[in-house]
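Working through the structure, step by step
Chain by chain, the residues run as shown.
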Amino acid sequence: DHRDLHSFPTRRSSDLIAGLVHGSNIAGSLLANFVGIIIAKYFADVEHAWRFAFLLGGFMGISGFYMRLKTSETPIFESLARKKQTLKSPFMDLLKNSWHFMLLTFCTAGVASSIAYMAKTYINVFYLSVMHFDNSWALTYSLYASFILMISMPVAGLIIDIFGRTKIIIISSLTALFTILPIIYFMSSPNSAIQILAVTMLIFV
């Protein structure tokens, strides 16, 4: 089947499916935080207890690699791979014909990745190093943030399917730009309820 990429049918649920795929990726961070909490609470006095997490991660990495080897590619990916083989310089062709899409991708991915990084990594650092919380409590906040992020991704995909990508991307980017500093301020509140609310808002911006 040598159909061009544009001949594949589009579906209204495409962004919802993408959200489910990316949300499932967060499950790894969720599990990592959960394992970290168990080690911090029950194995804090055990020397080199952190190695338990590395052993578990190594086992899961090998399992994931095996499953990836057994997974076939989608027709769209195979079509793009065949098209790439016909180009002498795919990257230069991309710069020449689709530079504006490339720039847009960099910008939107930068905003989205920044929020995801804060949820998956910085919240733990913030409550551990800045707020001086106990390690297990900092990991609990990070666990909550990863859980909300995992849920928010398919929800965002569904919203995009309903209202359109461009409109939601613009609204989300502007919202993140103007609310990120107040959110971080409220994350440092002495009130735990306000902290949880701020973390939730950080994920959903």
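If you're wondering where the values come from, they're calculated on a predicted model, not measured in any experiment. (Residues numbered from 1 in each chain as written. Predicted model: local features only at pLDDT ≥ 70, side-chain atom pairs only at ≥ 80, totals over all residues. Heavy atoms only, no water.)

Proximity of charged atoms lets side chains of opposite charge pair with each other. Using the criterion set out here, one finds one salt bridge in the structure. Between Asp15 and Arg165 there is a salt bridge; the shortest N-O distance is 3.0 Å. With Asp15 in helix H1 (residues 14-42) and Arg165 in helix H6 (residues 165-187), this residue pair connects regions lying 150 residues apart in the sequence. Looking at Asp15, the relative accessible area reads 16%, which means it is buried. On the accessibility criterion, Arg165 (48% relative accessible area) is partly exposed. (Salt bridge = Lys/Arg side-chain N within 4 Å of Asp/Glu carboxyl O. Helix = DSSP H or I, 4+ residues; strand = E, 2+ residues; numbered from the N terminus. Buried < 20%, exposed > 50% of the residue type's maximum accessible area, 1.4 Å probe, protein only.)

Another point: unusual backbone geometry. In this model, His132 sits at a positive phi of 60°, which is unusual for a non-glycine residue. With respect to the helices and strands, the residue His132 is situated in the loop between helix H4 (90-130) and helix H5 (135-163).

Here we take up helix H7 (residues 192-204). When the terminal C-alpha atoms of H7 are compared, their 19 Å separation across 13 residues agrees well with the 18 Å that a helix rising 1.5 Å per residue should span. For H7, every residue scored as buried is listed here: Gln195, Ala198, Val199, Thr200, Leu202 and Ile203. Where H7 begins, the side chain of Asn191 points an oxygen toward the backbone nitrogen of Ala193, at a separation of 2.8 Å. (Expected span 1.5 Å × (residues − 1). Polar contact = N/O pair within 3.5 Å; in protein donor to acceptor, adjacent residues only side chain to side chain.)

As a further point, take the packing of aromatic side chains. Across all of its chains, the model carries six aromatic pairs by this definition. A ring pair is formed by Tyr127 and Phe133, whose centres lie 5.2 Å apart and whose planes are at 35°; its orientation type is tilted. The exposure class assigned to Tyr127 is buried, which follows from its relative accessible area of 0%. Relative accessible area serves as the criterion here: at 22%, Phe133 is assigned to the partly exposed category. Between the aromatic rings of Tyr185 and Phe186, the centroid separation amounts to 5.4 Å while the plane-to-plane angle is 70°, which identifies the pairing as edge-to-face. The structure contains a cluster of three or more aromatic residues connected by ring pairs, namely Tyr122, Phe126, Tyr127, Phe133 and Tyr141. (Phe/Tyr/Trp six-rings, centres within 6.5 Å; stacked < 30°, edge-to-face > 60°.)

Turning our attention to the confidence of the model for the chain. For the chain, per-residue confidence averages 81 on the pLDDT scale, and 88% of positions sit at 70 or higher. Confidence, read as mean pLDDT per element, is least for helix H3 (residues 75-85) in the chain (69) and greatest for H7 (92). (pLDDT = per-residue confidence, 0-100.)

Right, let's talk about the nonpolar core for a bit. Ranked by size, the top nonpolar core spans 22 residues in total, and within it Ile123, Tyr127, Met187, Val199 and Leu202 carry the most contacts. If you list the elements that add at least two residues to this core, you get H4, H5, H6 and H7. With seven residues, H4 is the largest single contributor of residues to this core. Contact partners of Ile123, with chain neighbours within four places excluded, come to Met118, Tyr141, Ser142, Ala145, Met187, Val199 and Leu202. (Core = buried A, V, L, I, M, F, W, Y, C linked by side-chain atoms within 4.5 Å. Contact = heavy atoms within 4.5 Å.)

A contiguous nonpolar surface patch, about 1100 Å² in accessible area, is contributed by Leu31, Phe34, Ile38, Tyr42, Phe43, Val46, Phe52, Leu55, Leu56, Phe59 and Met60. Within the fold, Tyr42 resides in helix H1. (Patch = residues over 30% accessible without salt bridge, like charges linked within 9 Å, V, L, I, M, F, W, Y side chains within 5 Å. Areas by Shrake-Rupley, 256 points an atom, 1.4 Å probe, with all protein chains shown as cover.)

Inspection of the secondary structure assignment puts Thr140 in helix H5. A polar side-chain atom of Thr140 sits 2.7 Å from the main-chain carbonyl oxygen of Ser136.

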